[in-house]
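Structural overview
Below, each chain spelled out in residue letters.
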Amino acid sequence: MHSTVVELCKQGNRFSKQNNLQDARASFEKALHIESQNAYALTGLGDVLRRCKEFSEATQCYLSVLKVDPKNVFSLRGLGDAYRGLHRYIDAAEVWLKYLEERPNDIFVITRVADAYKKIGNYLDSESFYNKALEINAKDRYALIGIADLYQKTERADQALVHYLKVLEQDPRSVHVLTMAGNIYRYKKEFEQAKSYYSIALDEEPFNAYALFGMGDCLRWQQQYEQAISHWERILTRHEGTIEMLTRLGDAYRNVGRLEDAENTCRQVHMPS
């Protein structure tokens, strides 16, 4: 019977790698029907349930394994991910720290710990773990973006920019990072530099609302109101405008003498929700 369980677990793993989660789940459940406490089947089922966003059910699978084998790295890592899915970030970090006692150089889990600490506002420990990850791999994209976001949250824009630019050295067409770099330059009122990053982002995604807003705002500061309007109007072809954008659009209309458009836009801003 044990050989059947082994084969069912292998089958479940194959289905899981193929993203066939329904059949993967069925295979692991069949294995557990034969051996209810089989660690491989429980962890495999936990992974499938977690990928299906059934986080509470996944935690029970992992905890069953860890009662018998508290250092099982696969269940420790999975349990941390399941807790994260439940927004239990403190619990997730505690579990991942136990995992790191067994595998201290796993950069992916180190970065997860840093992310969790950032979520709960523990910025000091978050920064420490991002730096640990970057000591292992100074070019790790997730750690670079994570620590850059942390620096922005803690009003250290120049340090954030340094790390965003390191990401762009590896991936110069990353729209999200291009937009973040553009935003920092815009806040610093270095508008030409900001526009250069927004421009590349818009080459990749012509209707990206964040890049369009940023580009329009730079043009507004430079009193190029017609160009600012054209960027903000493009947002409205695909998205609802934010109050901030609509307010600035209305002001731009007023500056170029389009008073009726300005009035209509201001009505949208003040319209009861």
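Here, the structure is the one placed above.
What counts, and where the lines are drawn
Residues numbered from 1 in each chain as written. Predicted model: local features only at pLDDT ≥ 70, side-chain atom pairs only at ≥ 80, totals over all residues. Heavy atoms only, no water. Axes fitted to C-alpha atoms, helices over the stretch in contact; angles between N-to-C directions. Helix = DSSP H or I, 4+ residues; strand = E, 2+ residues; numbered from the N terminus. Parallel < 35°, antiparallel > 145°, perpendicular 65-115°, else oblique. Left-handed = near helix turned anticlockwise from the far one by under 90°. Contact = heavy atoms within 4.5 Å. Salt bridge = Lys/Arg side-chain N within 4 Å of Asp/Glu carboxyl O. Buried < 20%, exposed > 50% of the residue type's maximum accessible area, 1.4 Å probe, protein only. Nonpolar A, V, L, I, M, F, W, Y, C, P; charged D, E, K, R; others polar. Expected span 1.5 Å × (residues − 1). Polar contact = N/O pair within 3.5 Å; in protein donor to acceptor, adjacent residues only side chain to side chain.

Turning to the packing of helix H13 (residues 209-221) against helix H14 (residues 225-236), a few remarks are in order. Contact pair H13 / H14: the axes reach a minimum separation of 8 Å and the direction vectors enclose 165 degrees. If you check the angle between H13 and H14, you find them roughly antiparallel. For the pair H13 and H14, the sense of crossing is left-handed. Residues Ala209, Leu212, Phe213, Met215, Gly216, Asp217, Leu219 and Arg220 of H13 form the contact with H14, whose own contacting residues are Tyr225, Gln227, Ala228, His231, Trp232, Arg234 and Ile235.

Turning our eyes to something else, we now look at the pattern of salt bridges. For the coordinates displayed, the defined rule picks out 23 salt bridges. Here aspartate 106 and arginine 77 are joined by a salt bridge, their closest N and O atoms 3.1 Å apart. You can see aspartate 106 sitting in the loop between helix H6 (89-102) and helix H7 (107-119) and its partner arginine 77 sitting in helix H5 (residues 73-85), a full 29 residues away along the chain. A salt bridge links arginine 254 to aspartate 251; its shortest N-O distance comes to 2.5 Å. Separated by three residues within a single helix, arginine 254 and aspartate 251 lie in helix H15 (residues 243-255), roughly one turn from each other. Taking relative accessible area as the criterion, arginine 254 reaches 47% and is therefore assigned partly exposed. Here the salt bridges do not stand alone but share partners, grouping Asp47, Arg50, Asp81, Arg84 and Arg112 into one network.

With their axes 7 Å apart at the nearest point, H7 and helix H8 (residues 123-136) run at an angle of 160 degrees to one another. Considered as vectors, H7 and H8 are oriented roughly antiparallel to each other. The hand of the H7/H8 crossing is left-handed. Side by side, H7 and H8 meet where Ile107, Ile110, Thr111, Val113, Ala114, Asp115, Tyr117 and Lys118 of the first sit next to Tyr123, Asp125, Ser126, Phe129, Tyr130, Lys132, Ala133 and Ile136 of the second. Across the contact of H7 with H8, the residue classes tally to 10 nonpolar, two polar and four charged.

So, on to the side chain of aspartate 140. One can find aspartate 140 in the loop between H8 and helix H9 (141-153). Here aspartate 140 is in contact with Ile107, Thr111 and Leu134, once residues within four sequence places are set aside.

Our focus in this paragraph is H7. With 13 residues, H7 should reach 18 Å at 1.5 Å per residue; the first-to-last C-alpha distance of 18 Å fits that figure. With 10 of 13 residues buried, H7 is to be regarded as a mostly interior element. Taken together, the buried positions of H7 are Ile107, Val109, Ile110, Thr111, Arg112, Val113, Ala114, Ala116, Tyr117 and Lys118. On its buried side, H7 packs onto H5, H6, H8 and H9. The N-capping residue of H7, defined by a side-chain oxygen 3.0 Å from the backbone nitrogen of phenylalanine 108, is aspartate 106. Positioned one or two residues after H7, glycine 121 has a phi angle of 85 degrees, which is positive.

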